[in-house]
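# Coordinate analysis (summary)
Each chain, letter by letter, is given below.
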Amino acid sequence: MRAMVLERIGEPLKLVERLDPEPAQGQVRVRVAACGVCRTDLHVVDGELPNPKLPIVPGHEIVGRIDAVGAGVAALAVDMRVGIPWLSHTCGRCRYCRDDRENLCDHPLFTGYTRDGGYATHVVADAHFVFRLPDDGDDVAAAPLLCAGLIGWRSLRMAGDGKSIGLYGFGAAAHIVAQLARWQGRDVFAFTRAGDGAAQDFARRLGACWAGSSEDRPPEPLDCAIIYAPVGALVPLALGAVRKGGRVVCAGIHMSDIPCFPYSLLWEERELLSVANLTRKDGEELFAVVGEAGVATHTTPYPLDRANDALSDLRTGRLQGAAVVVP
Ligand SMILES: [Zn+2]
Ligand SMILES: [Zn+2]
């Protein structure tokens, strides 16, 4: 197999050849057709998340077909089209697993962070954490659903059922969530970096009724807001944009420090919460509605050996929608 590997934090990924991984008991091996590039991958290569496995193959938005099945796997077979998400393994025993909150498991493994991921021709995964996908379909278009879509869906649900919703940072997740929110009949307000007219136009094309800079006040107080950009300064801005009783959801795994803000921004029963990881149920829910909602992802493909370019284009905001590595 070939893989793009992070050997040391802060270094570019290196293309390496390795023996194909063998699926252990309960695992499958997948020939990767496409792997989305998530902002979390930048946090991994930059060392902003603690204790990554090193060396590590990043990538946790994987679409491909099973090409080998380990012992004890009954539900999956060779040639099935599947998706592999960020949540790769849970203990099944801790209080969070028992309480239907496996996204908070005490002893999890994560694809592309503590277990090798999808910037590669092949990857192994626990069969129980793999999603079956329809047999036909565009692999590149489906890849961003595996994290941007999943975390997007979870964050949208946790934002509550308010009609007007603000999305801060209009990247891979927001461009999917905007379509889901429109399908649900909500009004979408898109907030981007100041002066990013291209992202604001993109948001309007996806159905946003208003798009502007994160520093702008929306034309009316919003019911809820979700922050996708890893920028702590957006927290007080978003709290200032929601109405009394409104809710602000932080959807990223890492964020710069949140600046001090006056209590009046939280007062009047505004709520502030974070979303961590995903559950398998989130995936089942998302894949059940994504076709009906008519979600179309906007992708930019990169060959495997150009994964570093995909990461740097994501970092500098040169992309519209999602980058996808195609081995
Ligand atoms: Zn657990
Ligand atoms: Zn992700």
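The structure presented is a predicted model; accordingly, all values stated were derived computationally and were not measured.

This paragraph deals with the packing of aromatic side chains. Counted by the stated rule, this structure contains nine aromatic pairs. A centroid spacing of 6.3 Å and a plane angle of 40 degrees characterise the contact between Phe189 and Trp210, whose relative ring orientation is tilted. Note that Phe189 is positioned in strand 11 (residues 187-192) and Trp210 in strand 12 (residues 210-213), a separation of 21 residues in sequence. When its relative accessible area of 18% is taken as the criterion, Trp210 is described as buried. One aromatic cluster in this structure is built from Tyr168, Phe189, Phe191 and Trp210. Its guanidinium or amino end placed over the ring of Tyr96, Arg95 lies 5.6 Å from that ring's centre, counting from NZ or CZ. A cation sits over an aromatic face here: Arg280 above Phe129, 3.8 Å from the ring centre.

Ideal coordination angles are 109.5 degrees for a metal with four donors arranged tetrahedrally and 90 or 180 degrees for a metal with six donors arranged octahedrally. With distances of 2.0 to 2.2 Å, the protein atoms coordinating the zinc ion (ligand 2) are Cys38 (SG), His60 (NE2) and Cys147 (SG). On the primary sequence, the residues serving as donors to the zinc ion (ligand 2) are separated as C-x21-H-x86-C. Here His60 is found in the loop between helix 1 (39-45) and strand 4 (62-69), whereas its partner Cys147 is found in the loop between helix 3 (139-142) and helix 4 (148-158), with 87 residues between them in sequence. As far as the burial class goes, His60 and Cys147 line up, both buried.

A few words now on the nonpolar core. The biggest cluster of nonpolar side chains holds 91 residues, and the ones touching the most others in it are Tyr119, Ile165, Leu167, Phe170 and Leu180. Looking at this core element by element, the count peaks at seven residues for helix 5 (residues 172-183). Leave out the neighbours within four places in its chain, and Phe170 touches His175, Ala178, Ala190, Phe191, Thr192, Ala199, Phe202, Ala203 and Leu206. Judged by nonpolar contacts, the second largest core, of 17 residues, contains Phe189, Leu222, Ile227 and Ala241.

On to the coordination of the zinc ion (ligand 1). The protein atoms donating to the zinc ion (ligand 1) are Cys91 (SG), Cys94 (SG), Cys97 (SG) and Cys105 (SG), with metal-donor distances spanning 2.3 to 2.4 Å. Taken together, the four donor atoms surrounding the zinc ion (ligand 1) define angles of 104 to 118 degrees at the centre, an arrangement classified as tetrahedral. Donor residues for the zinc ion (ligand 1) sit on one chain with the sequence pattern C-x2-C-x2-C-x7-C. Note on accessibility: Cys97 and Cys105 belong to one class, buried.

Taking strand neighbours across the sheet as the criterion, the six strands line up as 12-11-10-13-14-15 in an open arrangement whose pairing is parallel. Sheet topology places strand 12 and strand 15 (271-274) at the edges, where each strand pairs with a single neighbour. Neighbouring strand axes in the sheet, compared pairwise and without regard to direction, differ in orientation by 20 degrees on average. Each of strand 10 (164-168), strand 13 (222-227), strand 14 (242-250) and strand 15 is contacted by helix 4, which is oriented at about 155 degrees to strand 14, the strand it contacts most.

Before going further, it helps to spend a moment on the pairing of strand 12. Both faces of the sheet carry side chains from a regular strand, because those side chains alternate between them. Sheet analysis places strand 11 next to strand 12, joined by four bridges and oriented parallel. Its bridge partner being in strand 12, Ala190 is matched across the sheet by Ala211. A crossover links strand 11 with its parallel partner strand 12, the connecting element being helix 6 (residues 197-205), and its sense is right-handed.

So, how was this worked out
Residues numbered from 1 in each chain as written. Chains lettered and ligands numbered in written order. Predicted model: local features only at pLDDT ≥ 70, side-chain atom pairs only at ≥ 80, totals over all residues. Heavy atoms only, no water. Phe/Tyr/Trp six-rings, centres within 6.5 Å; stacked < 30°, edge-to-face > 60°. Helix = DSSP H or I, 4+ residues; strand = E, 2+ residues; numbered from the N terminus. Buried < 20%, exposed > 50% of the residue type's maximum accessible area, 1.4 Å probe, protein only. Lys NZ or Arg CZ within 6 Å of the ring centre and 35° of its normal. Donors = N, O, S within 2.8 Å, 3.2 Å for Na, K, Ca; no water. Core = buried A, V, L, I, M, F, W, Y, C linked by side-chain atoms within 4.5 Å. Contact = heavy atoms within 4.5 Å. Tetrahedral: all angles 85-135°; square planar, octahedral: opposite > 155°, others 65-115°. Pairing = 2+ DSSP bridges. Axes fitted to C-alpha atoms, helices over the stretch in contact; angles between N-to-C directions. Right-handed = clockwise from strand over helix to strand, strands pointing away.

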